[in-house]
Amino acid sequence: MDLAYTEAEEEFRGRLREWLAGVLPGLPPKPSPDDWPARRAYDTTWQRMLYDAGYAGLHWPQDAGGRGATPTQHLIFLEETERAGAPYVGANFVGLLHAGPTVAAEGTAEQRARWLPPVLRGDEIWCQGFSEPDAGSDLAALRTRAVRDGDDYVVSGQKIWTSHAEVADWCELLVRTDPGAPKHRGISWLAMPMDAPGITVRPLRTPAGSTEFAEVFLDEVRVPVRNRVGAENDGWRVTMVTLSFERGTAFVGEVVACRRTLEALAAEARRTGRWDDPVLRRRLGRLNAEFRALWRLTQWNVSESQRTGGVPGIGGSVFKLRYSGVRQELYEAAAEVLGAEGAFDLDREWALDRLSSLSYTIAAGTSQIQRNIVAERILGLPKGR
């Protein structure tokens, strides 16, 4: 593992900083969190700016429309854009961070040509149709059925926690194509157009009042067979590729954001006099050490990804497991610094972030699932019965 940046990588960082300094002051104000059409427009406009500047899909292979940058350059990109306060990928995160890389790794030439350029340009938005009411942590227990009918699959079932479904053009969808097979072996990965007849989207409101998730009901939705990524009934393997990206570098920018939040929290504690409490200082110091260690772990995962050809490995589960807990601890500390009134004031960004942090031990694979992966696939422990 090489934790030092090369001269070329530092030159890349400098060019990126210069570009960000030139474009960020000209961005319009962020739209209201409740205005999803405006949020989509804002996020896709930023994505187009990245595309025009050559920064979209930075780490994607060149034959997939990216720049073929190294994972280390991608890490620098995520670090610098977060530090500069640049917009997050937002509504485009499933396409850019999960579905797009999966299609790039597993799709046919025709599929790559059809779906990847619109993702990189910000022309099309994707959502993720994996979880179901009775298949969350045990994702392979999903029951949404896809029955082959000529050149189409006829899909019926229900999905839940479908991010940005109300503004999405496509859905990366897991379906059961062989109900008689063992549950991990009868699944297929489909790209479903969200304007197909038979789709009903019902937004779900979070404790913070936002509606970035939705229930999606599928009533005999016809999806062309050509939209299947990978072989029929090989969807679980393809899904593991998707989840490796989701747990690999998808949270990198958030680690940088948490470190900035921690610095702001320490400054607030000094301003209010809470800094005089030695217990609180030790708590903030330990959090600082935790986030520094997570950053080093990120660098290790990136080095491993670079060595193995660009697909993140199972080390992402170690990162995701610890990051989820530390993020929650950060906002518990924020509540201590801000006091009851400030911690629950939903007009303050920290309060909203605290509510959001509660989902991180569930999202992208629960902490219990991550512990199983670490135990079985890294430590080599026997599977539980």
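Scroll up for the structure.
A. How the structure looks around the nonpolar core. With 45 residues, the main nonpolar core has Trp 19, Trp 46, Tyr 55, Trp 126 and Trp 189 as its most contacted residues. Secondary structure elements with two or more residues in this core: α1 (7-23), α2 (36-53), α3 (71-83), α4 (93-106), α5 (109-121), β4 (170-176), β5 (187-193) and α6 (235-248). No other element matches α4, which puts 7 residues into this core. Residue contacts for Trp 126: discarding those within four places in its chain leaves Ala 91, Val 94, Gly 95, Ala 99, Trp 115, Val 119, Ala 168, Trp 170, Cys 171, Glu 172, Trp 189 and Ala 191.

B. Local environment of the pairing of strand β2 (residues 145-149). Both β2 and strand β3 (residues 152-159) contribute to a ladder of 5 bridges, which runs antiparallel. By the bridge assignment, Arg 148 is partnered in β3 with Tyr 153. Taken together, β2 and the strand that follows it, β3, pair antiparallel across an intervening segment of 2 residues, in which Gly 150 is found at a positive phi of about 65°.

C. Main features of the packing of aromatic side chains. This model, assessed by the stated rule, comprises 8 aromatic pairs. Measuring from centroid to centroid gives 5.2 Å for Trp 19 and Tyr 55, while their planes differ by 50°, and the two rings are tilted. Taken as a pair, Trp 19 in helix α1 and Tyr 55 in the loop between α2 and α3 lie far apart in primary sequence, 36 residues in all. By the burial criterion, Trp 19 is buried, and Tyr 55 matches it.

D. Local environment of unusual backbone geometry. You will see that Trp 161, though not glycine, has its phi angle at about 60°, which is positive. The phi torsion at Glu 220 lies on the positive side, around 55°, for a residue other than glycine. Mapping Glu 220 onto the fold places it in strand β7 (residues 213-224). Residue class for Glu 220 comes out exposed when judged on its relative accessible area of 56%.

E. Expanded view of the pattern of salt bridges. Going through the model one piece at a time under the given rule, you end up with 26 salt bridges. Measuring nitrogen to oxygen at the nearest pair gives 3.0 Å for the salt bridge that ties Arg 222 to Asp 152. With Arg 222 in strand β7 and Asp 152 in strand β3, this pair connects stretches of sequence that are 70 residues apart. Judged by relative accessible area, Arg 222 falls into the partly exposed class, the value being 38%. A salt bridge links Glu 332 to Arg 283, with the nearest nitrogen and oxygen atoms 3.6 Å apart. Taken together, the positions of Glu 332 in helix α9 (residues 315-343) and Arg 283 in helix α8 (residues 278-308) put the pair 49 residues apart, joining distant regions of the chain. Glu 332 sits in the partly exposed class, given a relative accessible area of 39%. Looking at Arg 283, the relative accessible area reads 25%, which means it is partly exposed. Among the ionic contacts, a cluster of salt bridges with common partners joins Glu 10, Arg 13, Arg 17, Glu 79, Glu 80 and Arg 83.

F. Summary view of the packing of α4 against α5. Direction vectors running N to C along α4 and α5 enclose 155°, while the axes themselves pass 9 Å from each other. One finds that α4 runs roughly antiparallel with respect to α5. Here α4 and α5 pass one another in a crossing that is left-handed. The residues of α5 that touch α4, namely those facing Gly 95, Leu 96, Gly 100, Val 103, Ala 104 and Ala 105, are Gln 111, Arg 112, Trp 115, Leu 116, Val 119 and Leu 120. Grouping the constituent residues of the contact of α4 with α5 by class yields 8 nonpolar, 3 polar and 1 charged.

G. Representation of α5. Here α5 spans 18 Å end to end across 13 residues, near enough to the 18 Å set by a 1.5 Å rise per residue. At Trp 115, α5 shows its largest bend, some 25°, and a proline, Pro 117, comes one to four positions later. Against α2, α4, β1 (126-129), β4, β5 and β8 (228-229) lie the buried residues of α5. Trailing α5 by a residue or two, Gly 122 shows a phi angle of about 85°, which is positive.

H. View of the packing of α1 against α2. Here α1 crosses α2 at 135°, and the two axes come no closer than 13 Å. Of the possible angle classes, the one that applies to α1 and α2 is oblique. For the element pair α1 and α2, the recorded crossing hand is right-handed. Here Trp 19, Leu 20 and Val 23 of α1 lie close against α2, whose contacting residues are Trp 46, Met 49, Leu 50 and Ala 53. Residues belonging to the contact of α1 with α2 are distributed by class as follows: 7 nonpolar, no polar and no charged.

Quick notes on the rules
Residues numbered from 1 in each chain as written. Predicted model: local features only at pLDDT ≥ 70, side-chain atom pairs only at ≥ 80, totals over all residues. Heavy atoms only, no water. Core = buried A, V, L, I, M, F, W, Y, C linked by side-chain atoms within 4.5 Å. Buried < 20%, exposed > 50% of the residue type's maximum accessible area, 1.4 Å probe, protein only. Helix = DSSP H or I, 4+ residues; strand = E, 2+ residues; numbered from the N terminus. Contact = heavy atoms within 4.5 Å. Pairing = 2+ DSSP bridges. Phe/Tyr/Trp six-rings, centres within 6.5 Å; stacked < 30°, edge-to-face > 60°. Salt bridge = Lys/Arg side-chain N within 4 Å of Asp/Glu carboxyl O. Axes fitted to C-alpha atoms, helices over the stretch in contact; angles between N-to-C directions. Parallel < 35°, antiparallel > 145°, perpendicular 65-115°, else oblique. Left-handed = near helix turned anticlockwise from the far one by under 90°. Nonpolar A, V, L, I, M, F, W, Y, C, P; charged D, E, K, R; others polar. Expected span 1.5 Å × (residues − 1). Bend = angle between axes of the 7 residues up to and from the residue.

Geometric descriptors of this kind do not, in isolation, establish any biological role.
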